[in-house]
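Examination of the molecular architecture
Here is what each chain is made of, one letter per residue.
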Amino acid sequence: MNNSYTAHQELMGSLKNRHRDILKLINGQPVHLLDVPVYGNVGDLLILKGTETFLKENRVKVVQIASIHNFNENIQPGEVILFQGGGNFGDLYPVHQLHRESVIAKYRNNRVIVLPQSIHFERPEAFDACAATLQLHLDLHILVRDVGSFKSALQMTGNCHLMPDMAHQLYSSKTRPASSGLRLLFQRLDKESSDQQVDMKWDTKTDWDLLIADEMKTICFFRRQLERSQKIGLDCLVMRLWLIYKNRLIAKAEQFFLKHDFVITDRLHGHILASLLNTKNCVLDNSYGKNSGYVDAWTKTSPLVSCKELLT
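The notes below deal with the structure included here. If you're wondering where the values come from, they're calculated on a predicted model, not measured in any experiment.

Calculation rules
- Residues numbered from 1 in each chain as written.
- Predicted model: local features only at pLDDT ≥ 70, side-chain atom pairs only at ≥ 80, totals over all residues.
- Heavy atoms only, no water.
- Helix = DSSP H or I, 4+ residues; strand = E, 2+ residues; numbered from the N terminus.
- Rg over C-alpha atoms; globule rule 2.2 N^0.38 Å.
- Buried < 20%, exposed > 50% of the residue type's maximum accessible area, 1.4 Å probe, protein only.
- Contact = heavy atoms within 4.5 Å.
- Areas by Shrake-Rupley, 256 points an atom, 1.4 Å probe, with all protein chains shown as cover.
- Lys, Arg positive; Asp, Glu negative; His and termini not counted.
- Charge placed at Lys NZ, Arg CZ, Asp CG, Glu CD.
- Core = buried A, V, L, I, M, F, W, Y, C linked by side-chain atoms within 4.5 Å.
- Phe/Tyr/Trp six-rings, centres within 6.5 Å; stacked < 30°, edge-to-face > 60°.
- Lys NZ or Arg CZ within 6 Å of the ring centre and 35° of its normal.
- Salt bridge = Lys/Arg side-chain N within 4 Å of Asp/Glu carboxyl O.
- Pairing = 2+ DSSP bridges.
- Axes fitted to C-alpha atoms, helices over the stretch in contact; angles between N-to-C directions.
- Expected span 1.5 Å × (residues − 1).
- Polar contact = N/O pair within 3.5 Å; in protein donor to acceptor, adjacent residues only side chain to side chain.
- Patch = residues over 30% accessible without salt bridge, like charges linked within 9 Å, V, L, I, M, F, W, Y side chains within 5 Å.

What follows is about the overall build of the protein. What the protein contains, in helices and strands, is 11 helices and 12 strands. Computed over the C-alpha atoms, the radius of gyration of the protein is 19 Å, within 12% of the 20 Å expected from 2.2 N^0.38 for a compact globule of 312 residues. When each of the 312 residues of the protein is scored for burial, the buried share is 53%. At a minimum sequence separation of 6, the contacts of the protein that also span at least 24 residues come to 76%. With the model as given, the accessible surface of the protein reaches about 14100 Å², and the carbon-plus-sulfur share is 51%. Positive and negative side-chain charges of the protein, numbering 37 and 33 respectively, have mean locations separated by a distance of 6 Å.

Now the structure itself:
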């Protein structure tokens, strides 16, 4: 286990270091971080916290951090637009996609950086329309988490970069997993579920919505307040409070994961969180291959990571 841990530690450190290439794209300019999550998907909150950590540690000046509910359109020439990374680039999540496309279309002269994303369109016509819009931008950089997304991004801009998920900024080699013998099945209950039957043994089964069910009223409260407070100029205060509160949700997920010493998951950030916590995990795919693409690009060499067909 010690040799396995050392190899895993080295891999996770190398993935974290790859983000330094983003600084070259920012080039010392002030940034606007847009489309940040104000909802209960802890995976997206891990991405947000990783992005915050990266920007703070590298002393990047952040002009605004905004969700789709309180975007301030006062973006000056020379300022860089950053879009939250994740897996909502495509037509499965149209509200976020339309927001992204509209901002890119409006600010054609500002550098735009889409932080590491997975790209997936169900409808070819939606992909074609998106590509046509993005091709018009003068300085668009799309960072992607897998090879398939890279091929898609190339049809939108020539400035494409393979980059691991921003949550890797949260890695610490000091974390040790439990020796409880407990197995967690962390399985999607949403539109990206593959509905596959899991024939492996597990002791606990849940998903993000179930794990933080008692927090949903507070999350909805923050979302409503962001929409209302923008009208009176207090949305920056509400956002600061949300950024603090989201750390509570992340801590709750981490504490839950650390009760188990093996994680079986079809959620990408079930895999990434387990890996951040130095916990053995088996990765199942989601509905369109996002997870396998990510593992193949970044984490397949970790001795703590396996796929179902390799598990004995």
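Next comes the rest of the account.
Bringing the nonpolar core into the picture now. Of all hydrophobic cores here, the largest spans 55 residues; its most connected members are Leu82, Trp242 and Phe257. Ranked by residues supplied to this core, first place goes to helix H9 (residues 235–257) with 10 residues. Setting aside residues up to four positions removed in sequence, Phe257 forms contacts with Leu184, Phe186, Trp208, Val263, Gly270, Leu273, Ala274 and Leu277. Core analysis: the next-biggest nonpolar cluster, separate from the first, contains 25 residues, Ile75, Val112, Phe121 and Ile142 among them.

For the structure shown, the criterion picks out nine aromatic pairs. Here the aromatic rings of Phe121 and Phe127 are separated by 5.4 Å at their centres, their planes lie at 80 degrees, and the arrangement is edge-to-face. Phe127 carries the same exposure label as Phe121, and that label is buried. Among the aromatic residues, ring-to-ring pairing joins Phe221, Phe222, Trp242 and Tyr245 into one connected group. Here the basic side chain of Arg183 rests over the ring of Phe262, its NZ or CZ set 4.5 Å away from the ring centre.

Okay, the pattern of salt bridges next. Two side chains that carry opposite charge are able to pair once their charged atoms sit near each other. Inspection of the entire model under this criterion finds 17 salt bridges. Across the pair Asp190 and Arg188 runs a salt bridge, and its minimum N-O distance is 2.8 Å. Among the residues examined, Asp190 registers a relative accessible area of 30% and is labelled partly exposed. Asp296 is paired through a salt bridge with Lys300; the nearest N and O atoms lie 3.0 Å apart. Bridged by salt links that share partners, the residues Arg188, Asp190, Glu192, Asp207, Arg267 and Lys290 form one connected network.

One non-glycine residue, Asp35, adopts positive backbone phi at about 60 degrees. Looking at the element boundaries, Asp35 is found in the loop between strand S1 (31–34) and helix H3 (42–57). Note on Asp35: relative accessible area 2%, which makes it buried.

What follows is about the sheet that holds strand S10 (residues 262–265). In space, the five strands of this open sheet follow the order S9-S8-S10-S11-S12, with parallel pairing throughout. The open sheet is flanked by strand S9 (204–206) and strand S12 (305–307), the only strands paired with a single partner. Strand-to-strand, the axes of this sheet are offset by a mean angle of 20 degrees, without reference to chain direction. In this sheet, S10 lies alongside strand S8 (residues 183–186) in parallel orientation, the contact comprising four bridges. Considered in S10, the bridge of Phe186 is made with Thr265.

Moving on, we get to H3. For H3, built from 16 residues, the straight-helix expectation of 22 Å at 1.5 Å per residue is met to within 8% by its first-to-last C-alpha distance of 22 Å. With 12 of its 16 residues buried, H3 lies for the most part within the structure. For H3, the complete set of buried residues consists of Val42, Gly43, Asp44, Leu45, Leu46, Ile47, Leu48, Gly50, Thr51, Thr53, Phe54 and Leu55. One side-chain oxygen of the residue at the start of H3 lies 2.9 Å from the amide nitrogen of Gly43, identifying that residue as Asn41. At the exit of H3 stands Arg59, carrying a positive phi of roughly 55 degrees.

Let's shift gears to the environment of Gly148. Note that Gly148 resides in helix H6 (residues 147–153). Owing to a relative accessible area of 42%, Gly148 belongs among the partly exposed residues under this scheme. A sequence separation of 30 residues divides Gly148 from Ser118, and the C-alpha atoms of the two residues are 8.4 Å apart.

The next point concerns a nonpolar patch on the surface. Together, Ile232, Leu234, Leu237, Leu241 and Ile244 line one region of the surface with nonpolar side chains, adding up to about 500 Å² of accessible area. Looking at the secondary structure, you find Ile232 in the loop between helix H8 (216–229) and H9.

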